[in-house]
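Architecture and fold: a report
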Protein chains: 2
Amino acid sequence: MPDTRKPNPARRNERSRQAILAAARELISEMGYARVSIEAIAARAGVGKQTIYRWWPSQGAVIFDSFLDLSRDAEGQGVALPDTGDIEADLKLVMRATVAEFADPRFEAPIRALNAEIINDPELAAQYREKLAGPVDDAKKTRLRSAQQAGQLAADADLDLVLEVLYAPLYQRWLHRSGPLTAEYADALVEVTLKAFRP
Amino acid sequence: MPDTRKPNPARRNERSRQAILAAARELISEMGYARVSIEAIAARAGVGKQTIYRWWPSQGAVIFDSFLDLSRDAEGQGVALPDTGDIEADLKLVMRATVAEFADPRFEAPIRALNAEIINDPELAAQYREKLAGPVDDAKKTRLRSAQQAGQLAADADLDLVLEVLYAPLYQRWLHRSGPLTAEYADALVEVTLKAFRP
């Protein structure tokens, strides 16, 4: 039986880390990326500024980690797409989850604020691609390559273009609020993409 | 032979109108949508504020007209897509022109500023859809319906989805600066879309 009276430093550190990342996301949603400061994040998270600087080299690094944190699973691993051998079923699962994420205010609001910033800031756009979009796209491409090997996608398909056709319509519809974001829409995007790139 | 010494009020009005719309676009590019005022537009265009209020009911109306103006042809008509009977050739022409527009700073900068605004402003997003995107989408759908009747597109294709698959990848790539915007890319989007929605 663990001694619950003794503080556990590892657990306490992880709690502080989560509080800091959650505070960063909340503040970005509330006031926009450009106006968030380390001081405000520390105050909201109930930690000292030095705690943040001990773990992250800069404000940009905390903010990016707060977004990355949303796309990690409970074990703290990066995303990996399911691979049951059925590309249509696997992509529908992923796209339905993605559509649900875009409908979740906890996720939606900070990502919307970040998008408004990166449109006018090429430097931030490059960081976004390198640190956030890039690793996620790599995970998706691994799954698409497996589908190419299984003969479910054209062997010469441009995987960047496949990802754009699959995700950009959802991204634009969400950004412009131009149509419903439903499970049926997620399924339709998967079906259209597989038809466009089938062997 | 026209008497060039006499001022022509219609021509002078049209010159003022064009100067006002150009000034609105320039100022939006330079300082962002939110900070443009009627006063600044009038000063830049070299006209009085009352001239603007005589022709437009509000600041929002001038700014929207300044964008609409970009998508009208020399005769002041709204856009209509070419219809030679060959949907692939017609769409490639249009998409190549669209890609070139997104590479043109005169067009690119104000549209980028407008996009950053509409992401965080649902009211402006609705106006954008109604006044700018909507009429242009209608013109595109007219061309797609003609392709459906010619058996070049599936009769049951969802035309909103067709337009998203055709344009959203370009939009996202431009917005995130995530890849080259070339004529080859325009062609690839047309080919992929026609394959995805062929009968």
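In this text the structure is predicted, and so the values were computed from the model without any measurement.

1. What about the overall build of chain A?
The helix and strand inventory of chain A stands at 9 helices and 0 strands. Helices (α) and strands (β) of chain A occur, in sequence order from the N terminus, as α-α-α-α-α-α-α-α-α. For chain A, the residues scored as buried account for 46% of the 199 residues in total. Considering only contacts within chain A whose residues lie at least 6 apart along the sequence, 64% involve residues at least 24 apart. As displayed, chain A has an accessible area near 10,000 Å², and 51% of this comes from carbon and sulfur atoms.

2. Some details on helix H7 (residues 122-149) of chain B
Residues and elements named next belong to chain B. Of all the bends in H7, the greatest, near 45 degrees, is centred on Ala133, and the proline Pro135 appears no more than four residues after it. When we look at burial in H7, the residues that qualify are Leu124, Ala125, Tyr128, Leu132, Ala133, Ala139, Lys140, Lys141, Arg143, Leu144, Ala147 and Gln148. Once H7 finishes, Gly151 follows within two positions and takes phi at roughly 75 degrees, a positive value.

3. Considering the relation of the copies chain A and chain B
Of the transformation superimposing chain A on chain B, the axial component is 0.0 Å and the angular component is 180 degrees, with the fit at an RMSD of 0.0 Å. Both copies are brought into coincidence by an operation consistent with a two-fold rotation axis. Scanning chain A for the C-alpha nearest the rotation axis identifies Ala196(A), at a separation of 2.0 Å. Comparing interface residues between copies, 100% of those in chain A also sit at the interface in chain B, which points to an isologous, same-surface contact.

4. What to know about helix H2 (residues 38-45) of chain A
Residues and elements named next belong to chain A. Buried residues of H2: Ile38, Ile41, Ala42 and Ala45, and no others. Looking straight down H2, one finds its buried side chains confined to an arc of 100 degrees; they lie on one side. Positioned one or two residues after H2, Gly46 has a phi angle of 70 degrees, which is positive.

5. Quick notes on the interface of chain A and chain B
The interface is formed by 33 residues belonging to chain A together with 33 residues belonging to chain B. Contact between chain A and chain B buries roughly 3,000 Å² in total, counting both sides, with carbon and sulfur atoms accounting for 62%. Its largest share of buried area at the contact with chain B, chain A owes to Ile119(A), Glu164(A) and His176(A), together 22% of the area lost on that side. Our enumeration of links across chain A and chain B arrives at 2 salt bridges. One salt bridge in this structure joins Arg173(A) and Glu164(B), with 2.9 Å as the shortest N-O distance. At the level of secondary structure, the elements contributing two or more residues to the side of chain A that touches chain B comprise helix H6 (105-120), helix H7 (122-149), helix H8 (159-176) and helix H9 (183-196) of chain A. Take the side of chain A that touches chain B: its biggest share by element is 11 residues, from H8(A). Here the side of chain A that touches chain B is built from residues that sort into 20 nonpolar, 5 polar and 8 charged.

6. Overview of the UniProt feature "DNA-binding region" (unreviewed entry) in chain A
Here, the residues flagged by UniProt with the feature "DNA-binding region" (unreviewed entry) are residues 37-56 of chain A. Overall, residues 37-56 of chain A shows 75% helix and 0% strand. The separation of its end C-alpha atoms is 13 Å.

7. Quick word on the packing of aromatic side chains
Aromatic ring pairs: the centre-centre distance and the angle between the two ring planes describe each pair. If you walk through the whole model with that rule in mind, you get 6 aromatic pairs over all chains. For the pair Phe102(A) and Trp174(A), a centre-to-centre distance of 4.7 Å together with 50 degrees between the ring planes defines the contact as tilted. Of this pair, Phe102(A) sits in helix H5 (residues 87-102) while Trp174(A) sits in helix H8, and the two are 72 residues apart along the sequence. Across this residue pair, the class does not change: Phe102(A) and Trp174(A) are buried. For the ring pair Tyr171(B) and Trp174(B), a centre distance of 6.1 Å and an interplane angle of 45 degrees mean the geometry is tilted. Of this pair, Tyr171(B) and Trp174(B) both sit in helix H8 (residues 159-176), 3 residues apart, roughly one helical turn. The exposure classification of Tyr171(B) matches that of Trp174(B), with both residues buried.

8. Quick word on the environment of Leu132(A)
Residues and elements named next belong to chain A. Within the fold, Leu132 resides in helix H7. With relative accessibility at 9%, the residue Leu132 sits in the buried group. For the pair Leu132 and Asp65, spaced 67 residues apart in the sequence, the C-alpha separation amounts to 9.0 Å. Contact partners of Leu132, with chain neighbours within four places excluded, come to Phe64, Phe67, Leu68, Leu114 and Gln127.

What counts, and where the lines are drawn
- Residues numbered from 1 in each chain as written.
- Chains lettered and ligands numbered in written order.
- Predicted model: local features only at pLDDT ≥ 70, side-chain atom pairs only at ≥ 80, totals over all residues.
- Heavy atoms only, no water.
- Helix = DSSP H or I, 4+ residues; strand = E, 2+ residues; numbered from the N terminus.
- Buried < 20%, exposed > 50% of the residue type's maximum accessible area, 1.4 Å probe, protein only.
- Contact = heavy atoms within 4.5 Å.
- Areas by Shrake-Rupley, 256 points an atom, 1.4 Å probe, with all protein chains shown as cover.
- Bend = angle between axes of the 7 residues up to and from the residue.
- Least-squares fit on C-alpha atoms with pLDDT ≥ 70 in both.
- Arc of directions from axis to C-beta.
- Buried area = accessible area lost by both parts, 1.4 Å probe.
- Salt bridge = Lys/Arg side-chain N within 4 Å of Asp/Glu carboxyl O.
- Nonpolar A, V, L, I, M, F, W, Y, C, P; charged D, E, K, R; others polar.
- UniProt positions renumbered as here; feature names shortened; annotations may be inferred.
- Phe/Tyr/Trp six-rings, centres within 6.5 Å; stacked < 30°, edge-to-face > 60°.

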